Structure formats: structure tokens, C-alpha cells
Amino acid sequence: MSIIRFVNTDGLPAFLAYLSKDARVLAPVEKPADKKSVVFEEWTQGKPFTLEKATVPAKEAVLPQCETLLTYKRDKDPEDPSRVSLKLDDTPQAVPTVVFACRPCDARGYVTLDRPYLQGPMVDPYYKARREQLTVLTLTCPRGCSTCFCHWVGGGPSSPEGSDVLMTEVEGGIVLQGLTPRGDALLEGSGLEDGAARFPDAEAARKAAWATLNKAPDLKEAPAKVAARFTDVDFWEKETDRCLSCGACTYFCPTCYCFNITDEGDGYQKPGRRLRTWDNCMSPLFTREASGHNPRTAKALRMRNRVSHKFATYPENWGAFSCNGCGRCISNCPVCLDIRAIVLDAVNAE
Ligand code: SF4
Ligand code: SF4
């Protein structure tokens, strides 16, 4: 039986203060400049936060936009300058982190990232160090929205996958349900009141959220159908016509995980460092090779790669879609390209 707790709305800052005693807490914060963006930022005492769905996923918790993989310093032997010694530090930088009030699609995003970063032939030590110190407190969604389609791809507004604690808003506060030993331990030490009596309210709220969703199409055949379209360049050209190749769809995605690696500094005059930064497969530069040859010069070929990876190749490798239906690529696309329409066109094509 999992641990159930209840927190009054007024008690949330004190709960966040408890969470931040031993960890960095990333909470959704409204950007005052436009009031339209909600981003995850480190919470400190007194900082306003919101329970709105963030415009940007909390992917930074495990995969920062830019991180230093290693630093290096080279020294020439003054007696024999042809001899160079190299000092290198590649210790992963990770601190205990709590993600507070992400949504179920974001929490499932961590599971999607875990497979290639932790379960493949190579384990990424930097990702692993962060992931092992991550606790995820997910707020269930009160309703579906026009761009969300989590229930098409195996999730839902109260999906538990990837979460340590599932939180549901009820009248007067939030019911918190531990889902993992880590989540249970966190709730047990919180000093919050027992929430068992309010759990039926949480269950009712979750059920009501499911009832707001549209009917999901059957995507069982999607991996085979999308793969079957791979050589149909006309199909991809038609679907990609409006695309500007801006890359917003990948940068806002909780499950995109491509990166680039660059070195800065020569290591002699000043220490050098190797950086890993997010990259995006919708950019024409993404696949440009050192020779200048580029196998994906056309935007249709890049869209084919993006959609096929999420709905055909990744499922073939890992048995699940690498799209969690968060809808951010739809809401943030400047020309309103809709990945749902592309997948459905592929599924329904003769
Ligand atoms: S956000 Fe829209 S316009 Fe930009 S690359 Fe993605 S599909 Fe193309
Ligand atoms: S592809 Fe779009 S809808 Fe799917 S997880 Fe990424 S941003 Fe969300």
C-alpha cells in the first residue's frame, strides 16, 4: 500500500521548502515578461510558482541544454617540449534534484530517455548520475487540451509511468500518492497529514480528466505504416510543405535526445572543456558531414527522420513510441504543423 498524504494549498510553499532542504527543486514558474511561458526553474524560499502545465518540459533535469563533459589541461615538458602531459577531469556533475509538478507526459519522457541512455549497449555516465539522483513529483492533468494526445501513445492524464509521487488537485489542496520507495520515503518524512480520506476525491478527479479526452485512434499499426511510407518522398514533401526548419519542435520535446559535442580552448593557455549541447534533426546542418556531403538536404527528409524515429524506429528498438503526446511541438510550431496529422495520414494511407 502506497503512502498517501494531503497538503493544503496554503501549505505548498512549506512543502517546497521541505523538498529543497536536501535537493535542488525545479518548479514551474511563470515568466513575468509575457505571462505566456511557464518554465522550470530552481525554486528558492519565497519564489512564486505555478501549477500550470509548463511550456517547456523539465528535460534539463537529466539532459541540460549545455553541459561540460570534461575539462582538460595540457602541459609541455620544459626540458623536452615534444612531451605533453594531459590532465583530464570527466567527473559527472550531478546534484540531488526534485522535479515538482511536471505532467505525466514529462514523467514518461524520462522513461523514454532512459532506454537509449541507460539500457543500450553503452551507458551514458553523465545522464546516469543525474537520473539516479532524480525524484519526480507529477501533477495529474485536470483535463485534456486541444494539442495533447498522451492517451493515443500509451499515457494519460494520470499515467504513473516515470513518477515517484503522483499529485492530484482536489478541493482545498493536493493529494499526494507515493509510487516508488523513493516517493514513499519522501512523503513519510514530509510531516504532511494523512491523505487516505481524500484519496477518493483524487480518484474522482482523475476519472473526470479521462472523461474529457477525445477518442484515441488505434495506433497499433503505426510503426509498420510509418515505416512503409519511408521511401514515399512525395508523402513527406506534402506533409512538410510549410515547415520552416526552425527546430522548435525538437527543442520543446521531452523525448528528443540528440546532441552535439564541441571542444573549447586548446588546453595550453587556458583549460579546455568538452561541451555537450542539444542538437536538432530538423536543422539542415544536423547531418552535414566533414566532407560537405549532406544525406538530408531536403526538409522532407528531415521530417521523415523525426517522425519515423518517434513512431517506427524507436518502437522497433524499444517497444514503445518515443512521443508522449505532450503536444508541445504542435503548440510551439510557428506554422502549426501537427505530428498527429502526419502519423494519421501515414496510418490511413493505402
Ligand atoms: S516547429 Fe514547425 S516549422 Fe519548426 S521545424 Fe518543427 S515542424 Fe518545422
Ligand atoms: S513529438 Fe511533440 S507531442 Fe510528441 S513528445 Fe515530442 S513535443 Fe510532445
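Residues numbered from 1 in each chain as written. Chains lettered and ligands numbered in written order. Predicted model: local features only at pLDDT ≥ 70, side-chain atom pairs only at ≥ 80, totals over all residues. Heavy atoms only, no water.

(A) Structural view of the sheet that holds strand E12 (residues 272-278). In spatial order, the strands read E5-E4-E12-E11; together these 4 strands make up an open sheet with antiparallel pairing. Of all strands in the sheet, those with a lone pairing partner are strand E5 (84-89) and strand E11 (259-264), marking the two edges. Ignoring strand direction, the axes of neighbouring strands in this sheet form an average angle of 20 degrees. Where E11 and E12 come together, 6 bridges link them in antiparallel fashion. Bridge pairing links Asn 260 to Thr 277 in E12. (Pairing = 2+ DSSP bridges. Helix = DSSP H or I, 4+ residues; strand = E, 2+ residues; numbered from the N terminus. Axes fitted to C-alpha atoms, helices over the stretch in contact; angles between N-to-C directions.)

(B) Local environment of the layout of surface pockets. Roughly 420 Å³ of volume is contained in the largest pocket. Contributing to the lining of the largest pocket are 19 residues, with Glu 52, Lys 53, Ala 54, Arg 103 and Cys 145 lying nearest its centre. In terms of residue class, the lining of the largest pocket is built from 7 nonpolar, 6 polar and 6 charged. If you add up the space inside the second largest pocket, you get close to 250 Å³. In terms of lining residues, the second largest pocket is bounded by 15 residues, among which Cys 256, Tyr 257, Cys 258, Cys 281 and His 309 are the most central. Counting residues per element, the lining of the second largest pocket draws most heavily on helix H9 (residues 299-318), at 4 residues. Each residue belonging to the lining of the second largest pocket can be placed in one class, and the counts come to 6 nonpolar, 6 polar and 3 charged. (1 Å grid on protein atoms, 1.4 Å probe; cavity = no way out; pocket = protein on both sides within 12 Å on 5 of 7 lines; lining within 4 Å. Points joined across faces, edges and corners; volume = space filled by probe spheres on them. Nonpolar A, V, L, I, M, F, W, Y, C, P; charged D, E, K, R; others polar.)

(C) The site of ligand 1, seen in detail. Around ligand 1 sit 13 residues, and of these Cys 243, Leu 244, Cys 246, Cys 249 and Cys 333 come closest. Residues of the shell around ligand 1, tallied by class, amount to 11 nonpolar, 2 polar and no charged. (Near = heavy atom within 4 Å.)

(D) Local environment of the site of ligand 2. Taken together, Phe 149, Cys 253, Pro 254, Thr 255, Lys 310, Cys 323, Asn 324, Gly 325, Cys 326, Gly 327, Cys 329 and Ile 339 make up all the residues around ligand 2. Of the residues assigned to the shell around ligand 2, the class counts are 7 nonpolar, 4 polar and 1 charged.

(E) Quick look at H9. In a regular helix each residue adds 1.5 Å, so 20 residues correspond to 28 Å; H9 covers 26 Å between its end C-alpha atoms and thus fits that length. Where H9 bends most, at His 309, the angle is about 55 degrees. Count one or two residues on from H9 and you reach Gly 319, which has phi positive near 75 degrees. (Expected span 1.5 Å × (residues − 1). Bend = angle between axes of the 7 residues up to and from the residue.)

(F) Structural view of the nonpolar core. By size, the foremost hydrophobic cluster in this structure holds 27 residues, and its most contacted members are Leu 219, Trp 236, Val 307, Phe 311, Ile 339 and Val 343. Excluding its chain neighbours within four sequence positions, the residues that come into contact with Ile 339 are Phe 149, Arg 306, Val 307, Lys 310, Phe 311, Cys 329 and Ile 330. Residues Ile 3, Phe 100, Leu 139 and Leu 187 belong to the second largest nonpolar core, which totals 24 residues. (Core = buried A, V, L, I, M, F, W, Y, C linked by side-chain atoms within 4.5 Å. Buried < 20%, exposed > 50% of the residue type's maximum accessible area, 1.4 Å probe, protein only. Contact = heavy atoms within 4.5 Å.)

(G) Region of the structure containing empty space enclosed by the protein. Scanning the model with the defined rule gives 6 cavities of 30 Å³ or more in all. Estimates place the volume of the largest cavity at around 150 Å³. For the lining of the largest cavity, the secondary-structure elements that each account for two or more residues are H9 and helix H11 (339-348). Each residue belonging to the lining of the largest cavity can be placed in one class, and the counts come to 13 nonpolar, 2 polar and 2 charged.

(H) Looking closely at the packing of aromatic side chains. A full pass over the atoms with the stated rule returns 9 aromatic pairs. Ring centres of Tyr 117 and Tyr 127 lie 4.8 Å apart, and the angle between their planes is 10 degrees; on these two criteria the pair is classed as stacked. Linking Tyr 117 in helix H2 (residues 104-118) with Tyr 127 in helix H3 (residues 125-132), this pair joins segments that are 10 residues apart in sequence. On the accessibility criterion, Tyr 117 (5% relative accessible area) is buried. Ring centres 5.8 Å apart and planes at 70 degrees place the aromatic pair Tyr 117 and Tyr 257 in the edge-to-face group. A residue pair is termed long-range when its members are at least 10 positions apart, and Tyr 117 in helix H2 and Tyr 257 in the loop between helix H8 (248-251) and E11 qualify at 140 residues. Judged by its relative accessible area of 17%, Tyr 257 is buried. Within the aromatic cluster, the residues linked to one another by ring pairs are Tyr 117, Tyr 127 and Tyr 257. Here the guanidinium or amino end of Lys 59 rests over the ring plane of Trp 278, the centre of that ring lying 4.4 Å away. The ring of Phe 230 has Arg 304 lying over it, and the distance from NZ or CZ to the ring centre is 3.8 Å. (Phe/Tyr/Trp six-rings, centres within 6.5 Å; stacked < 30°, edge-to-face > 60°. Lys NZ or Arg CZ within 6 Å of the ring centre and 35° of its normal.)

(I) Quick look at helix H5 (residues 199-211). Taking 1.5 Å per residue, 13 residues should reach 18 Å; H5 reaches 19 Å between its end C-alpha atoms and fits that length. Taken together, the buried positions of H5 are occupied by Phe 199, Ala 202, Arg 206 and Ala 209. The arc enclosing the buried residues of H5, seen along the axis, measures out at 75 degrees, which places them on a common side. For H5, the exposed residues lying more than 90 degrees away from the buried face are Lys 207 and Ala 211. (Arc of directions from axis to C-beta.)

(J) Seen up close, the environment of Ala 185. Topologically, Ala 185 is positioned in helix H4 (residues 181-188). Taking the C-alpha atoms as reference points, Ala 185 and Asp 164, separated by 21 residues in sequence, lie 9.9 Å from one another.

What is shown is where atoms sit, not what they do.
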